[in-house]
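Residues per chain are reported as follows:
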Amino acid sequence: MTLKRAIAGTTMAAMLALAAPAPAAANGAASTRNILLGAGVATYLIIQHNRKVHEKYAEDARRQAALESQNSNMQAAYSSERSAYQNAAAEIVDLKREVAYQHSMIVQQRNQLAMQGGGFGTQARTTRVAAASMSPGPVSMVSYGWGQV
Amino acid sequence: MAVLASCGGSPAGQAQSQADSVTKAVYNNDPVAVQQNFDAALKKQVTRAQVGLLSDKLHKLGDYKGLTYVSNDALKNEYTYRADFSNGSAPVILRLDPNGQIAAYRVTLRETTSQ
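Here the structure is a predicted model, which is why all the values come from computation and not from measurement.

**Student:** What's the story with the overall build of chain B in this structure? I'm lost.
**Tutor:** Helix and strand content of chain B: 5 helices and 4 strands. Along chain B, from the amino end to the carboxyl end, the secondary structure elements read α-α-α-α-α-β-β-β-β. The buried share of chain B, taken over its 115 residues, is 32%. Residue pairs in contact within chain B that sit at least 24 positions apart in sequence constitute 43% of those at least 6 positions apart.

Right, dumping it as structure tokens:
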């Protein structure tokens with residue numbers, strides 16, 4: 001495409017150059033015509049040059065845009081990876097907390113079982129206190145000690 | 001009966017002396033002293049954590065003042081006392097084996113659970 005344009009531009013310039021008459025020897029009309037034709041050729045060359053420059057700029061701009069897009073995607077990918085890592089780290093922290101809580105519950109229940117298995121602390125009876133009482137809840141009679149009575 | 005029971009020479013008096021020493025040991029958080037008069041089977045059940053837990057609960061009742069005889073079950077060789085503290089009291093039950101060693105020692109405490 002670019003080659004065709006170059007050929008066309010060169011052909012056009014050649015045609016204009018060939019069309020340009022020989023140096024005017026005589027009248028002013030021919031001189032004026034020659035001047036106009038020369039100006040046209042120059043204008044065309046300038047326009048073509050500018051077009052090529054702009055095309056080059058556009059190509060660079062597209063390349064830059066592509067690079068920026070690629071960089072932007074990499075940044076986005078990095079951001080996504082970072083976000084995913086942070087989420088995973090937060091999830092691990094949550095899991096650690098959950099495991100610690102479950103461990104504490106297991107230890108607590110194990111201690112209770114150990115105590116009750118040896119008969120150390122056994123609930124004797126629970127009585128609901130009267131509403132007028134100052135006590136905030138039910139009263140348990142808990143027997144602590146060792147051995148069975 | 002209470003007078004006889006509190007006498008150190010009678011079985012009840014001996015039991016009260018043992019119950020008092022165990023109660024003092026628990027109150028002082030001394031597991032070794034707690035097991036001193038326990039029989040072999042009962043000694044295996046005692047842990048430091050249990051003694052510490054019970055000691056803390058007894059301290060909530062205030063200063064330990066001593067035991068008062070309440071009753072006994074001759075068939076079970078079981079004795080009941082009232083442990084007096086400065087801010088309350090708690091029943092103490094002691095059972096002795098045929099050899100006179102402590103086969104069971106229990107303290108009953110009131111515990112209020114918040115709802």
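Read on for the rest.
**Student:** Help me understand the confidence of the model for chain A, please; the structure alone is not making it clear to me.
**Tutor:** Low pLDDT marks stretches whose predicted atomic positions should not be read closely. Per-residue pLDDT for chain A averages 67, and the proportion of residues at 70 or more is 60%. Note on residues 126-135 of chain A: pLDDT is under 50 here. Beyond four places in sequence and across chains, it has 9 contacts.

**Student:** What exactly am I supposed to notice about unusual backbone geometry here?
**Tutor:** Apart from glycine, the bulk of residues carry a negative phi angle, and the bulk of peptide bonds sit in the trans form. In the Ramachandran plot, B:N29 falls in the positive-phi region, its phi being about 55° despite a non-glycine side chain. Looking at where B:N29 falls in the secondary structure, it is placed in the loop between α2 (11-27) and α3 (31-34).

**Student:** What should I look at first to understand the confidence of the model for chain B in this one?
**Tutor:** Residues and elements named next belong to chain B. Summing up the model confidence of chain B, the mean pLDDT is 89 and the portion of residues at 70 or higher is 90%. Throughout residues 1-8 the model reports pLDDT below 50, and contacts reaching past four residues in sequence, or to other chains, amount to 16 contacts. Scoring of the predicted complex yields 0.51 for pTM and 0.87 for ipTM.

**Student:** For this particular structure, what's the right way to read the pairing of strand β3 (residues 88-96) of chain B?
**Tutor:** Walk down a regular strand and you will see the side chains alternate between the two sheet faces. All names here are of chain B. In this structure, strand β2 (residues 78-85) lies alongside β3, joined through 8 bridges in antiparallel fashion. Residue pairing for β3: T80 is matched across the bridge by I93. The antiparallel pairing of β2 with β3 creates a hairpin that spans 2 residues between the two strands. Hairpin remark: β3 followed by strand β4 (residues 102-112), antiparallel, with 5 residues in the connecting loop; positive phi at G100, about 85°.

Thresholds, definitions, all that
Residues numbered from 1 in each chain as written. Chains lettered and ligands numbered in written order. Predicted model: local features only at pLDDT ≥ 70, side-chain atom pairs only at ≥ 80, totals over all residues. Helix = DSSP H or I, 4+ residues; strand = E, 2+ residues; numbered from the N terminus. Buried ≥ 20, exposed ≤ 12 C-beta atoms within 10 Å, placed from the backbone. Contact = placed C-beta atoms within 7 Å. pLDDT = per-residue confidence, 0-100. Pairing = 2+ DSSP bridges.

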